[in-house]
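Examining the three-dimensional arrangement
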Amino acid sequence: MIELQHLSKRFPTADGLFTALEDVNLTVSDGDVFGIVGMSGAGKSTLVRCINLLERPSEGRVLIDGLIETADGGPVDLCALSPAQLRQARRSISMIFQQFNLLMQRTCLKNICFPLEIAGASPAQAGKRALELLDLVGLPDKADAYPAQLSGGQKQRIAIARALASDPKVLLCDEATSALDPTTTRSILRLIQDINRRLGITVIVITHEMAVVEEICTKVAILDHGRVAETGTVAEVFSNPKTEAGRRLVYPGGVQVTRQLPGSHIVRLVFHGGTAYQPLIACLAIDCGVKANILGAETKNVDGRAYGYILLGLPDDDAEAAKAVSYLKAQQDVTVEEVENYHV
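First things first, this report covers the structure right here in the doc.

Here we come to the overall build of the protein chain. Along the protein chain, the regular secondary structure elements total eleven helices and 14 strands. Judged by the C-alpha coordinates and their principal axes, the protein chain covers about 80 × 50 × 45 Å. Taken over 344 residues, the protein chain has a buried fraction of 48%. Across the protein chain, the fraction of contacts at a sequence separation of at least 24, relative to all contacts at a separation of at least 6, is 69%. For the protein chain, the computed accessible surface area is about 16700 Å², with 49% contributed by carbon and sulfur atoms. Of note, the protein chain has its 34 positive side-chain charges centred 7 Å away from the centre of its 40 negative side-chain charges.

Read from one edge to the other, the open sheet built from four strands follows the order E2-E1-E4-E5, with strand pairing classed as antiparallel. Of all strands in the sheet, those with a lone pairing partner are strand E2 (16-28) and strand E5 (76-77), marking the two edges. Bridge analysis of strand E1 (residues 2-13) against strand E4 (residues 59-64) gives five bridges, and the strand direction is antiparallel. Directly across from Leu4, in E4, lies its bridge partner Val62. Most of the contacts of helix H1 (residues 44-51) go to E1, to which it runs at about 120°, and overall it touches E1, E2 and E4.

What follows concerns helix H11 (residues 318-329). The end-to-end C-alpha distance of H11, which contains twelve residues, comes to 16 Å, matching closely the 16 Å that a straight helix rising 1.5 Å per residue would cover. When we look at burial in H11, the residues that qualify are Ala321, Ala324, Val325, Tyr327 and Leu328. Taken end-on, H11 shows its buried residues confined to a sector of 160°, consistent with a single buried face. In H11, the exposed positions that point more than 90 degrees away from the buried face belong to Asp318, Ala319 and Lys329. Sitting at the head of H11, Asp317 places a side-chain oxygen 3.1 Å from the backbone nitrogen of Ala319.

Calculation criteria
- Residues numbered from 1 in each chain as written.
- Predicted model: local features only at pLDDT ≥ 70, side-chain atom pairs only at ≥ 80, totals over all residues.
- Heavy atoms only, no water.
- Helix = DSSP H or I, 4+ residues; strand = E, 2+ residues; numbered from the N terminus.
- Buried < 20%, exposed > 50% of the residue type's maximum accessible area, 1.4 Å probe, protein only.
- Contact = heavy atoms within 4.5 Å.
- Areas by Shrake-Rupley, 256 points an atom, 1.4 Å probe, with all protein chains shown as cover.
- Lys, Arg positive; Asp, Glu negative; His and termini not counted.
- Charge placed at Lys NZ, Arg CZ, Asp CG, Glu CD.
- Pairing = 2+ DSSP bridges.
- Axes fitted to C-alpha atoms, helices over the stretch in contact; angles between N-to-C directions.
- Expected span 1.5 Å × (residues − 1).
- Arc of directions from axis to C-beta.
- Polar contact = N/O pair within 3.5 Å; in protein donor to acceptor, adjacent residues only side chain to side chain.

From the geometry alone we can't say anything about function, so treat these as descriptive.
See below:
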């Protein structure tokens, strides 16, 4: 388990202290794929660097289980460790970055060997382990290639293999797919998900893209101006974001205001995890004979379940609109809200 308690980070500037993080409290359970998402400048990268103490927090504690032995067998506070103890603990916390950070003068095999060599492994031991990791990330034929000969996705796979060389308990991913195209991004995310499932490594994913969270994360925290705006399972946050910061990220399109629809009955359907394959609007037309206009929608398919909302314009006739609302309210995993003074 990873627990951040009242974590704050301030940086001195010419204009005084700048607060990058303020009273952050988070708990990440063992084996989670935990997403930390926010807009640019929210403090995400500072937060992930505080987890392994590349940045030392100004206040608060970073508690992690199982990194080094403690007298009571409990978690250790990284902020309280000596430099030698911190170096030992960091061997169990690996990190991958947006720009890969590979050593360009070393082959892929030698890049993966590098952390093993620092830890004192023999060349034979390091080489054997590196070959195993090349196979794990799907690049067994790239041992003698140099980073300059690889695509972006291949470079990130080598960086992941290097991060796994020390058998970490925690893998930190700081915008690890931001430099990749969508197809390559999906393949890297699937690799990270597979590593989490096969090796049991706890993964923390820092990203500004909700699509990344949607793809592989089990839980998510939304960071806004250095504070945790909300946290929960991906399903909870996607189905009903409780804060303005959450709504901006989950429904980035918002609602455009251009012209009034006088007299129209407007309803918002909010989906809470029912099947993503139910043709609800078509069923409304077939079962009730009511035709509805889709005015806007932000829906997502998470593991075959539907989350998000649809705005519907119903007929002006009060009886027809009431019939449609009654039908929609009878559906499972759907909330129906009437919207007044709506503009599109």
